[in-house]
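# Architecture at a glance
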Amino acid sequence: MIYVLYRLSAWLLYYTHEAIGYPLFSVIAWLAYLRGGMMRQTITRNVQRVIGAQASDGCVRRAVRESYRNLMWGYYELFHLPAFPQAEIRRRMTIAGLEHIGDGIAQGKGVLLATLHYGNTEVLLQVPLLFPQWKFIVLVEKMRDARVFNLIRRLRESQGMEMVPVDEPLKIMRRLKQNCVVGIACDRDVTHSGVAIDFFGAPARLPDGPVRLAMRTGAALLPSYGWREQDGRFEVRVLPPIELQRTGNFDCDVRANMENLYCVFEHIIRERPGQWMAFYPLWQ
């Protein structure tokens, strides 16, 4: 049923102009929010953890509604993606921090762009295509239904981007050795092999793969993120590399480096909590 719905959406929304698509999915987001259920409870708890106990109920609700809107707009953009001209994507974007990618590439050991489910994930996945001088791949989560996964993968690759499942470590390491730039979202432990560290004042199990990859390969580990502006533009930021601790105790170093990375992510999320699409439990 989900596969049929996705196929139908991919066909219909390809032809749906943005003037209709965004308002339509705003309505869908509002209805999903009103429906409530476990999803709304989860995102509300996550937002409350980020904003803090002092936040008013109204402030939390506004951030939760914004998260729903960003999520649903992302679905519209996914299904409409093949119709997006690259020139239009570039026109709407302001990108800062590209020099950090260039510096990492110059070291010859690849670059890991560590990011979040934040802002506009689908369009941001296409940013690398604007810089053909660099080789990019993006790591994606596999799904239970292979048909749905393959359909979404085709949509995301429709502009030319290469997607690699996150559970193929040998291919990922090979790409880093080829001095590629590898993008990965770090706020969801999809492989269930992460480490529990302090995140917004409480233990949360988070993926340690990006840190381990950076430590083993020597790749530069760059926090990066993007967000939506009110006028439909997208801002993208690539931050300076995380200085990796190397004391000789690998596991302790992994934890310390994770804490440094996720401290940066805390600041990013606090700036615009409504842009963070954390529709999954992080804290028990």
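Let me begin by describing the structure that accompanies this report. Just so you know, the residues in each chain are numbered from 1, in the order the chain's sequence is written. Only residues with pLDDT of at least 70 are given local features in this predicted model, and only at 80 or more are side-chain atom pairs given and counted; all residues enter the totals for whole chains, interfaces and linings. As a convention, hydrogens and water are excluded, and side-chain values are obtained from all of the structure's heavy atoms.

## Regarding the overall build of the protein chain
Rules: Numbering of helices and strands runs from the N terminus, with a helix taken as a DSSP run of H or I at least four residues long and a strand as a DSSP run of E at least two residues long. The quantity called the radius of gyration is restricted to C-alpha atoms. Its globule counterpart is 2.2 Å times the number of residues to the power 0.38. Per-residue accessibility takes into account occlusion by the displayed protein chains alone, with areas from the Shrake-Rupley method and a 1.4 Å probe. None of His or the chain ends enter the tally, which takes Lys and Arg as positive and Asp and Glu as negative. To locate a charge, the coordinates of NZ of Lys, CZ of Arg, CG of Asp or CD of Glu are taken.
Within the protein chain, the secondary structure is distributed over eleven helices and nine strands. Expected size for 284 residues packed as a compact globule is a radius of gyration near 19 Å; at 19 Å, the protein chain falls within 12% of this value. Referenced to the eigenvectors of the C-alpha coordinate spread, the extents of the protein chain come out at roughly 55 × 45 × 35 Å. Accessible surface for the protein chain amounts to roughly 14000 Å². Of this, 55% is attributable to carbon and sulfur atoms. With 35 positive and 27 negative side-chain charges, the protein chain shows a separation of 5 Å between the mean positions of the two kinds.

## So, the pairing of strand β8 (residues 220-228)
Defined as follows: Categorising residues by exposure relies on relative accessible area from a 1.4 Å probe, with only protein chains included: less than 20% of the type maximum marks a residue as buried, more than 50% marks it as exposed, and the intermediate range marks it as partly exposed. Any two strands are treated as partners once DSSP identifies two or more bridges connecting them.
Of all nine residues in β8, nine are buried, a share of seventy percent or more. Residue alternation in β8 divides its side chains into two sets, Ala-220, Leu-222, Ser-224, Gly-226 and Arg-228 and Leu-221, Pro-223, Tyr-225 and Trp-227, and both sets are buried. Two elements, β8 and strand β9 (residues 234-238), share five bridges in a ladder whose sense is antiparallel. The partner of Ser-224 across the bridge, within β9, is Val-238. The turn joining β8 and β9, which pair antiparallel and follow one another in sequence, is formed by five residues; a positive phi near 90° is taken by Gly-232.

## What about the pattern of salt bridges?
What counts, and what does not: Salt bridges are defined as contacts in which a side-chain nitrogen from Lys or Arg sits within 4 Å of a carboxyl oxygen from Asp or Glu.
Taken as a whole and assessed by the stated rule, the structure comprises 14 salt bridges. Arg-92 is paired through a salt bridge with Glu-18; the nearest N and O atoms lie 2.6 Å apart. Linking Arg-92 in the loop between α5 (86-91) and β1 (93-96) with Glu-18 in helix α2 (residues 18-35), this pair joins segments that are 74 residues apart in sequence. For the residue pair Arg-92 and Glu-18, the accessibility class agrees, reading buried in each case.

## A word on the environment of Leu-81
Take Leu-81: it is sitting in the loop between α4 (57-80) and α5. A sequence separation of 71 residues divides Leu-81 from Ile-152, and the C-alpha atoms of the two residues are 11 Å apart.

## Quick word on the packing of aromatic side chains
Stated formally: Aromatic pairing here means that ring centres of Phe, Tyr or Trp (its six-membered ring) are within 6.5 Å. Orientation follows from the plane angle: under 30 degrees is stacked, over 60 is edge-to-face, and everything else is tilted. When the NZ atom of lysine or the CZ atom of arginine is within 6 Å of a ring's centre and also within 35 degrees of its normal, the charge is said to sit over that ring.
Scanning the model with the defined rule gives 20 aromatic pairs in all. Ring plane angle 70° and centroid distance 5.5 Å describe the contact between Tyr-262 and Phe-265, whose orientation is recorded as edge-to-face. Taken as a pair, Tyr-262 and Phe-265 lie in helix α11 (residues 250-271) at a separation of three residues, close to a single helical turn. Residue Tyr-262 is classed as buried on the basis of its relative accessible area of 1%. One Lys or Arg, Arg-40, reaches over the ring of Tyr-33 and ends 4.5 Å from the middle of that ring. For the cation-ring pair, Arg-69 lies above Trp-73, with the distance from its terminal atom to the ring centre recorded as 4.5 Å.

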